[in-house]
Structure formats: C-alpha cells, structure tokens
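Take a look at the letters that make up each chain.
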Amino acid sequence: MTEASMQGNWWLWTFIGLLLLAQSTVLFIHARNRGGRAWFWGLWGLTQFPSPTLVYLLLQWRRKRKRKLEAEGETD
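First things first, this report covers the structure right here in the doc. (Residues numbered from 1 in each chain as written. Predicted model: local features only at pLDDT ≥ 70, side-chain atom pairs only at ≥ 80, totals over all residues. Heavy atoms only, no water.)

Re the packing of helix α2 (residues 10-34) against helix α3 (residues 38-47)
Next up, step 1: At their nearest, the axes of α2 and α3 sit 7 Å apart, and the two run at 165 degrees to each other. By the angle class used here, α2 and α3 are roughly antiparallel. Handedness of the crossing formed by α2 with α3: right-handed. Contact residues: Leu20, Leu21, Gln23, Ser24, Leu27, Phe28, Ala31 and Arg32 in α2; Ala38, Trp39, Trp41, Gly42, Gly45 and Leu46 in α3.
Next up, step 2: In terms of residue class, the contact of α2 with α3 is built from nine nonpolar, four polar and one charged. (Axes fitted to C-alpha atoms, helices over the stretch in contact; angles between N-to-C directions. Helix = DSSP H or I, 4+ residues; strand = E, 2+ residues; numbered from the N terminus. Parallel < 35°, antiparallel > 145°, perpendicular 65-115°, else oblique. Left-handed = near helix turned anticlockwise from the far one by under 90°. Contact = heavy atoms within 4.5 Å. Nonpolar A, V, L, I, M, F, W, Y, C, P; charged D, E, K, R; others polar.)

Here it is in structure tokens:
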C-alpha cells in the first residue's frame, strides 16, 4: 500500500479498533455478570470479529436451554 492510501483509510482502521473494543467490553461485562471467565471473553473479543460474540451467544443459549430442561424435569 502506498502512503496516500494508508492515510485515506485512517477512518476504517479507527472503526475496526472501536468495533473490537466495544465487542470486548460488552463480552467482558456480560460474562462478569454471569460469572463466567470474563477476562477470557474480553481478550478474545479484542482479537477478532464476530466469532467471539457468536460463540458466546451460542454457549449462553445452550446453557439457558439446559437449565430450562432441567427445571421442567424437576416439575414432572
């Protein structure tokens, strides 16, 4: 890349940085409130997008579903 094209794309790099920072912050706070490896999710959220968010949401959905099934089994 030439220096001119790098200077023209500063807003793109800024957007990517802010996106990664926001993702890692949200994952960290949500995991801390749920009691599950907050530092792991926060650091992983800084490295790539959107894989950490998708994996976190999938794991949360499975955990919630498992708890719901266990609760229904206790009432039977």
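Some thoughts on the nonpolar core
Next up, step 1: Within the largest apolar cluster, six residues are counted, these being Leu27, Phe28, Ala31, Ala38, Trp41 and Tyr56.
Next up, step 2: For this core, the secondary-structure elements that each account for two or more residues are α2 and α3.
Next up, step 3: It is α2 that contributes the most residues to this core, three residues altogether.
Next up, step 4: Discounting chain neighbours no more than four positions away, the residues touching phenylalanine 28 are Ala38, Trp39 and Gly42. (Core = buried A, V, L, I, M, F, W, Y, C linked by side-chain atoms within 4.5 Å. Buried < 20%, exposed > 50% of the residue type's maximum accessible area, 1.4 Å probe, protein only.)

Focus on a positive patch on the surface
Next up, step 1: A surface patch of positive charge is lined by Arg34, Arg37, Arg63, Lys64, Arg67 and Lys68.
Next up, step 2: It is helix α4 (residues 51-75) that provides the largest number of residues to the positive patch, a total of four residues.
Next up, step 3: With respect to the helices and strands, the residue arginine 63 is situated in helix α4.
Next up, step 4: According to the relative accessible area criterion, arginine 63 is partly exposed, its value standing at 39%. (Patch = residues over 30% accessible without salt bridge, like charges linked within 9 Å, V, L, I, M, F, W, Y side chains within 5 Å. Areas by Shrake-Rupley, 256 points an atom, 1.4 Å probe, with all protein chains shown as cover. Salt bridge = Lys/Arg side-chain N within 4 Å of Asp/Glu carboxyl O. Lys, Arg positive; Asp, Glu negative; His and termini not counted. Charge placed at Lys NZ, Arg CZ, Asp CG, Glu CD.)

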